[in-house]
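Chain by chain, the residues:
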Amino acid sequence: MSSKDPQIPGAPGVEPPSHEEPTEPRGPLPPKADQSGPETVSPTGQETGTDQGGVAQGGAYLTTAQGARLYETDHSLKAGPRGPVLLQDHHLREKITHFDHERIPERVVHARGAAAHGVFESYGTATRITRAAFLAEGARTPVFVRFSTVLGSRGSADTVRDTRGFATKFYTDEGVFDLVGNNIPVFFIQDAIKFPDVIHAGKPHPDREIPQAQSAHDTFWDFVTLHTEATFHTLWNMSDRGIPRSYRMMEGFGVHTFRLVAADGSTTLVKFHWKPQLGVHSLVWEEAQLAAGIDPDFHRRDLADAIESGAHPQWELGVQTFPDTEDQLFQGIDLLDPTKIVPEEIAPVQPVGLLTLNANPSNYFAETEQVAFHVGNLVPGIDVTNDALMQGRLFSYVDTQITRLGGPNFPQLPINRTHAPVNDMLRDGMHQTAVHRGVAPYRPNSLDGGCPFLAGADAGGYIEAPVPVPESRKVRDAAASFDDHFSQPRLFWRSMTSPEREHITAAYTFELGKCYEQAIKERGLQVLANIDGELCAAVAAGLGLPAPAPQVPLADPEPSPALSQLGRTWPLDGRTVGIVVADPGQDTAELRQGVHAAGMVPLVVAPTGGDGVQRTFATARSIEFDALVLADAPEPAADAHPVRDAKADEDTAAVTDLDPRVLLLVTEAYRHGKAIGAVGEGEAVLTAVGLAAGSAGVVSGDTAAVLARLTELLTAHRVWDRFPPVLTG
Ligand code: HDD
């Protein structure tokens, strides 16, 4: 608004203010110039208008922070070439001082993360139950999504066994809505007051600061075995959900029950779900452990590479809906207890929109590090419930940013700015970048024409649903239903397939086996006995301890197939296929084209670098590939083949002469349940490794046949037949 705007009191031609509080709004003020960042920020975070063409600096000359051009920046100002450095060297001091303060505190949890920009397109199917504008039919909303691990520090490995964060910032026209969820639908605790306890237990031991980003240690298991409401979340962690294959292949959950408010004021309780279009897939434990050393950035790289290559990951947002009854129970399940799920078989997930991640951040610090989520960032039509975990979170998220981002003005950081006009009366504070005008940042006022005015529901105001507060008395307590800690873990266990049960058993055996305290191992077994006798017995056998009897009656719940990750087929976008060749110059065009045509990424692995080679035997490791193809050997380069079969007539020669790195590649891929194909002479490698064609998920033939079969195998993610049933189940 210009100073000539006739509505501004005191402007020429405008009546002097009456100094009484006006009763009619004069129309909304436009966003303040200094707070109108969002429209000037592109999906990749580049300031429009100041596009620097992807280079680090904008201008031709290096300058100081004050804009003075510099003629030299490699030497301090000294009293002679061999003399002492002078205190007057302001450029030296500015450069070093700024560097000294480059780091900000990492997040107290979820420090390690990766993020992407995208768009959310609403189907309009939720309009009956919510007035949220971004859920109206056809609405398109820019989003920023940050995935994370929980326990590790910023530099820790991606593939550790842990819960993953899945936090989405919707820049809606009605303000920012943050859905700050996880890839696990339940939480360790039922009340936020215990959050410091569970996190102190999970973080490294305070004396030696080890282990990093691990739950396999005494303090974690001490807490979760004493505090049995953590049992269900821990079981999810020990399942394959704790080691996702990719951020692109994880489900997301809002965890809490939210309350949606429709245009007519009616309310519905919901649980939010993100369903990945690529399916829910995991690493196997050995693969996860290898990746933590070989490529600690495994998930970060996977997400960025997929987006860059055009394989844009997508999730459907869905809701389970429940009537907003006074008791807030659904078929006996307490909707205010965040350690409980509602099986999808009794409350189906109804899709309400599609999320597509289509752009990588252009600056990690400015976007991924400085993004600040908050459970209390809500828009009209979405409200909270009395879940005591959620209630504490409503306090914690803003509070933590004040330390992490250095004051209360973090909403002004470009990545956090709302796309709705801001007209607040928050003023000053550390890192204030807005130049606020006027003299009346208070209400009521008359000096600013009474502005800003309040917005009722018809003007898009956020109005808390006027739900009744239960009549009670002050207590530090929870409802009796919160005491059931074992029936849903049992439901989960009984919904798993055989390989999934194997993985869970192995995970508990590993994690409890890493504890030093005998009492903790024994308590761990007691918890397992309360879930399932066979699980407990198998882990007890692994630990060399007796299996205790259950302390609670074991129910016989109806399994929930939706909890299992197996049994369906999925798209292959962005999967990687390693093509192992004997000669860097070998023609792999047909194979590569076939892999591309199936929507996957071919990576050629050769003994040395060369044209068209992406990995060498020295840099390749099986974890990077979802499947391997052993390519045909070129004629007549038999001695350059991975199986150097110069002495092939001798029975054992092929094995001894096989390049050990290829041996490792193929045997690991086999052990991790990955499909393996051999074209023509490539079959010699299979023989050398001791794999007969016809072994589960091992195929040979011509290029077309091998690719067709591999593609089919990959739709099931892994060759599950390689994990024979051990438990009787
Ligand atoms: Fe939390 C970060 C998810 C309980 C306190 N939380 C954080 C992030 C995610 C979650 C995904 C990372 C956001 C980002 O990428 O910046 N947290 C959850 C879920 C919970 C949960 C799904 C349970 C259902 N959290 C929880 C409780 C408390 C916190 C009970 C405190 C009482 N969480 C925080 C925090 C963090 C955080 C300390 C650290 C960094 C941040 O907020 O911005 O405020």
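All residue numbers refer to positions counted from 1 along the written sequence of the respective chain. Totals for whole chains, interfaces and linings use every residue, but because this is a predicted model, local features are given only for residues with pLDDT of at least 70 and side-chain atom pairs only at 80 or more, for both listing and counting.

### Here we look at the site of the ligand
Lining the immediate surroundings of the ligand are 26 residues, of which Arg107, His110, Arg146, Gly165 and Val255 lie closest. For the shell around the ligand, the elements supplying multiple residues, two or more each, are β2 (140-149), β3 (164-172), β4 (175-182) and α8 (388-404). Helix numbers and strand numbers start at the N terminus; a helix is a DSSP run of H or I with at least 4 residues, a strand a run of E with at least 2. Looking at the shell around the ligand, the element that brings in the most residues is α8, giving six residues. Each residue gets one of three labels, nonpolar for Ala, Val, Leu, Ile, Met, Phe, Trp, Tyr, Cys and Pro, charged for Asp, Glu, Lys and Arg, and polar for the others, Gly among them. Taken together, the residues of the shell around the ligand sort by class into 14 nonpolar, nine polar and three charged. Only the C-beta atom matters for this test: placed from the backbone, it must lie within 6 Å of a molecule or strand for the residue to be near it.

### Points about the UniProt feature "domain: Catalase core" (unreviewed entry) in the chain
UniProt positions are given in the numbering used here, feature names are shortened, and annotations may be inferred rather than shown by experiment. The sites that UniProt annotates as "domain: Catalase core" (unreviewed entry) are residues 63-451. Annotated as 21% helix and 20% strand, the span residues 63-451 places its first and last C-alpha atoms 43 Å apart.

### So, helix α5 (residues 285-294)
Once C-beta atoms are placed from the backbone, each residue is buried if 20 or more other C-beta atoms lie within 10 Å of its own, exposed if 12 or fewer, and partly exposed for counts between those two. The complete set of buried residues in α5 reads Glu287, Ala288, Ala291 and Ala292. For α5, the angular spread of the buried residues around the axis is 140°, confining them to a single face. It is the C-beta atoms, placed from the backbone, that decide contacts: two residues are in contact if theirs lie within 7 Å. In this fold, the buried residues of α5 make contact with α6 (298-308). An arc is given here, and it is the one of the directions from the helix axis to the C-beta atoms.

### Concerning helix α11 (residues 518-529)
Helices are assigned an expected span. That span is 1.5 Å times one less than the residue count. Between the first and last C-alpha of α11 there are 17 Å, a value that for 12 residues agrees with the 16 Å anticipated at 1.5 Å per step. Inspection of α11 places Ile520, Lys521, Arg523, Gly524, Leu525, Val527, Leu528 and Ala529 among the buried residues, and these make up the whole buried set. Buried residues belonging to α11 abut α3 (218-226), α4 (231-238), α10 (498-513) and α12 (533-543).

### Considerations on the UniProt feature "binding site: heme" (unreviewed entry) in the chain
The positions that UniProt labels "binding site: heme" (unreviewed entry) are, in the present scheme, Arg107, Arg146, Phe195, Arg393, Tyr397 and Arg404. Of note, Phe195 is situated in helix α2 (residues 195-202). For Tyr397, the location among the structural elements is in helix α8. Setting aside residues no more than four positions away along its own chain, Tyr397 makes contact with Phe373, His374, Val375 and Gly376.

### Let's talk about the confidence of the model for the chain
Counting all residues, the mean pLDDT for the chain is 90, and 89% of those residues have values of 70 or more. Low confidence marks residues 1-14, where pLDDT is under 50. Its contacts with residues over four positions away, or in another chain, come to 16 contacts. Across residues 28-50 the pLDDT falls below 50, and counting only partners more than four positions away or on other chains, this stretch makes 48 contacts in the model. Scoring of the predicted complex yields 0.92 for pTM and 0.99 for ipTM. Confidence scores labelled pLDDT are given residue by residue by the predictor and lie between 0 and 100.

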